[in-house]
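Analysis of the macromolecular model
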Amino acid sequence: MMNTSAEMRQKLDALRGKETVRILALESSCDETACAIIENGRRILSSVIFSQVDVHALYGGVVPEIASRAHVDACDRVIDQALKEAGMDFAQIDALAVTYGPGLVGALLTGVSCMKGLSYTTRLPLVSVNHIEGHVSANFLTHPDLEPPFVCLVVSGGHTHLVRVNNYGEYTLLGQTVDDAAGEAFDKAARVLGLNYPGGPLLSKLAEGGNDSYLPLPHAHLDGRYDFSFSGLKTAFLNACHRMEQRGEILPRADLAASFERAVTDALCEKAMLALEDSGLHTLCLAGGVSANRRLRARMQALARERGFRLCMPELWLCTDNAAMIGSAAYYRLRRGEWAGLELNAVPALELV
Ligand code: KG4
Ligand code: ZN
């Protein structure tokens, strides 16, 4: 028998009056297969992350076909493990959640199909979650008293957005990158410095002892007041490195890494400050893989102290891909009465707004 709308609506009505709502969430949009159980959108009961990074590192980047196959292998195991770590079975779970975009189509489809199957057999409602909304929601896990509205800088491998979070699940896009995402720029610069995938964290580590004024890099001037551009900066960086190599010079890798990291983080800070000040709000959140960057966090912290706004950042492990953030976002969707039927499909180019 199908999960009928009437049956699901009844279940959702019952959940609305329930004091404790536990959601089992699955994330499989890129190269991490992750499952978590989240209570009331804020409390992590368990979280399991199976990273495929070692496999993809052999190829210098994510190979979509390999990612899909690895997700197929890992989905059941991460779900079992998350239940085991929380000491629960499906009888104690109220709803299921899954990332349905943006991401790699095959990777997303693996998770979506798996969770549709689980929803069908357990008869639990399924909530579909936007991966980027998940990144924003990681802040609700680290900061239990955080409530919208706030401004959020979302910086991941595929996205660089400045958004105003008006309410749970309600966003106004303030600005975005007109070309590369910040994480993508980090990964490309890292490759020129001979670093493997994923380059961002490795470049940041290399930058620690470097001189950040070694290489002056161009500052993009854009029409959009809150927009970003990283391609000019990236090209200037690549050209400078290639020129040095052609001259037979040994690359001052730490100085180059520090100069690049500074240029990217300065641009992120500048636009985030403009957006926050214009918004009249007093809270800025960071989200996405690049928000794990030490320099970005330190620079933002210094600005928050100087200018007196509240800065929220996810704990380091919640900045990069995980399922806990998906479970948090799902809770607020569910509270609004939103759920997905079994016709749910993956949407690789899904937008946040
Ligand atoms: O959010 P995420 O885990 O996956 C996506 O949704 O894209 O972000 C991954 C991106 C990669 O580009 C990675 O190099 C970058 O975040 N990243 C970092 C750091 N940690 C991860 N970039 C700079 N510094 C870091 N510490
Ligand atoms: Zn992500």
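Computed from a predicted model, the values in this text were never measured in an experiment. Numbers given to residues run from 1 along each chain, matching the order in which its sequence is written. Chain labels run from A onward and ligand labels from 1 onward, assigned in the order the entries are written. pLDDT decides what is reported in this predicted model: residues at 70 or higher carry local features, side-chain atom pairs at 80 or more are listed and counted, and totals for whole chains, interfaces and linings draw on all residues regardless. In computing side-chain properties, one takes all heavy atoms of the structure into account and sets aside hydrogens as well as water.

1. Digging into the environment of His161
- In this text, helices come from DSSP runs of H or I with a minimum length of four residues, and strands from runs of E with a minimum of two, each type numbered from the N-terminal end. Turning to its location among the elements, His161 is positioned in strand 7 (residues 160–167).
- Burial classes follow relative accessibility: with a 1.4 Å probe on protein chains only, a residue under 20% of its type's maximum area counts as buried, one over 50% as exposed, and anything between as partly exposed. The exposure class of His161 is buried, given its relative accessible area of 5%.
- In the structure, His161 is positioned 147 residues away from Ala14 in sequence and 36 Å away in space, judged by C-alpha atoms.
- Whether two residues are in contact is decided by their heavy atoms, any of which lying within 4.5 Å being enough. What His161 contacts, discounting residues up to four positions off in sequence, is Cys152, Leu153, Val154, Leu173, Gly175 and Gln176.

2. Observations concerning a nonpolar patch on the surface
- On the surface, Ile44, Ile49 and Trp317 cluster together into a nonpolar patch covering about 220 Å² of accessible area.
- Among the structural elements, Ile49 can be located in strand 3 (residues 43–51).
- Its relative accessible area of 36% is what places Ile49 among the partly exposed residues. Only residues above 30% relative accessible area that lack a salt bridge enter a patch, with like-charged residues linked at up to 9 Å and the nonpolar side chains Val, Leu, Ile, Met, Phe, Trp and Tyr linked at up to 5 Å. Per-residue and other accessible areas follow the Shrake-Rupley method at a 1.4 Å probe size, with only the shown protein chains counted as cover for residues. In what follows, salt bridge is the name for a side-chain nitrogen of Lys or Arg lying within 4 Å of a carboxyl oxygen of Asp or Glu.

3. Notes on the coordination of the zinc ion (ligand 2)
- Metal coordination here is assigned from N, O and S atoms located within 2.8 Å of the ion, or within 3.2 Å for Na, K and Ca; omission of water means that sites may look incomplete. Around the zinc ion (ligand 2), the protein supplies His131 (NE2), His135 (NE2) and Asp321 (OD) as donor atoms, at distances of 2.0 to 2.1 Å.
- Sequence positions of the residues that donate to the zinc ion (ligand 2) give the spacing H-x3-H-x185-D. Of the two residues, His131 is situated in helix 5 (residues 131–142) and Asp321 in the loop between helix 11 (316–319) and helix 12 (324–335); the sequence distance between them amounts to 190 residues. Of the two residues, His131 and Asp321, neither departs from the other in class, the shared state being buried.

4. Quick word on the site of ligand 1
- Whether a residue is near a molecule or strand depends on its heavy atoms: if one lies within 4 Å, it is near. Every one of the 17 residues lining ligand 1 counts as a neighbour, but His135, Gly157, Asp187, Gly289 and Asn293 are closest to it.
- Under this definition, polar contacts are N or O atom pairs within 3.5 Å; protein pairs additionally need one hydrogen-donor-capable and one acceptor-capable atom, and for neighbouring residues in sequence, both atoms have to be side-chain atoms. Between an oxygen atom of ligand 1 and a side-chain N or O atom of Asp187, the distance comes to 2.6 Å.
- Burial of ligand 1 by the protein chains amounts to 87% of its free accessible area of 550 Å².
- For the shell around ligand 1, the leading source of residues is helix 6 (residues 182–192), giving 3 residues.
- The nonpolar class holds Ala, Val, Leu, Ile, Met, Phe, Trp, Tyr, Cys and Pro. Asp, Glu, Lys and Arg form the charged class, and all remaining residues, Gly among them, are polar. Split into classes, the residues belonging to the shell around ligand 1 amount to 4 nonpolar, 11 polar and 2 charged.

5. Quick word on the packing of aromatic side chains
- For Phe, Tyr and Trp, rings pair up if their centres lie within 6.5 Å, where Trp contributes its six-membered ring, and each pair is then called stacked (planes under 30 degrees apart), edge-to-face (over 60) or tilted (otherwise). Counted under the stated rule, the structure contains 8 aromatic pairs.
- Here the aromatic rings of Phe228 and Phe230 are separated by 6.0 Å at their centres, their planes lie at 15°, and the arrangement is stacked. The two residues Phe228 and Phe230 agree in class, both being buried.
- Geometrically, a charge over a ring is one whose NZ (Lys) or CZ (Arg) sits within 6 Å of the ring centre while staying within 35 degrees of the ring normal. Here the guanidinium or amino end of Arg77 rests over the ring plane of Phe50, the centre of that ring lying 5.7 Å away.
- The residue whose ring lies beneath Arg335 is Tyr168, and the NZ or CZ to ring-centre distance is 5.6 Å.

6. As for the pattern of salt bridges
- Enumeration according to the criterion identifies 23 salt bridges in this entry.
- Ionic pairing is found between Glu7 and Arg123, a salt bridge with its closest N-O pair at 2.8 Å. Of this pair, Glu7 sits in helix 1 (residues 5–16) while Arg123 is found in the loop between helix 4 (105–122) and strand 5 (126–130), placing the two residues 116 residues apart along the sequence.
- Residue class for Glu7 comes out buried when judged on its relative accessible area of 16%.
- Two residues, Asp278 and Arg225, come together in a salt bridge whose shortest N-O distance is 2.7 Å. Linking Asp278 in helix 9 (residues 253–279) with Arg225 in the loop between helix 7 (199–207) and helix 8 (231–246), this pair joins segments that are 53 residues apart in sequence.

7. Focus on the sheet that holds strand 7
- The sheet built from 5 strands is open, its strands ordered 8-7-6-9-10 with mixed pairing. The sheet terminates laterally at strand 8 (170–176) and strand 10 (310–312), the two strands that pair on one side only. Averaged over all pairs of adjacent strands, the angle between strand axes in this sheet comes to 25°, irrespective of strand direction.
- What makes two strands pair is DSSP finding at least two bridges between them. Sheet analysis places strand 9 (residues 283–287) next to strand 10, joined by 3 bridges and oriented parallel. Across the sheet, residue Cys285 finds its bridge partner in strand 10, namely Cys312.
- The strands touched by helix 10 (residues 294–307) within the sheet are strand 6 (150–155), strand 9 and strand 10, with strand 10 carrying the most contacts at an inclination of about 160°. Angles here are taken between N-to-C directions and fall from 0 to 180 degrees, while the axes themselves are lines fitted to C-alpha atoms, restricted in helices to the stretch in contact.

8. A short note on the side chain of Arg42
- By the element assignment, Arg42 lies in the loop between strand 2 (32–39) and strand 3.
- A polar side-chain atom of Arg42 sits 2.8 Å from the main-chain carbonyl oxygen of Leu146.
- Leaving out residues up to four positions away in the same chain, Arg42 has contacts with Phe140, Leu141, His143, Pro144, Asp145, Leu146, Tyr168 and Tyr332.

9. So, the packing of helix 6 against helix 7
- Contact geometry of helix 6 with helix 7 gives a least axis separation of 8 Å together with a crossing angle of 65°. Seen from above, helix 6 lies across helix 7 with left-handed handedness. Together, Phe186, Asp187, Ala189 and Ala190 of helix 6 and Gly199, Gly200 and Leu203 of helix 7 make up the contact between the two elements.
- Of the residues in the contact of helix 6 with helix 7, the class split is 4 nonpolar, 2 polar and 1 charged. Throughout, a crossing is termed right-handed when the near helix is turned clockwise from the far one, and left-handed when it is turned anticlockwise from it by less than a right angle.

Limitation: the analysis is restricted to geometry and does not speak to function.
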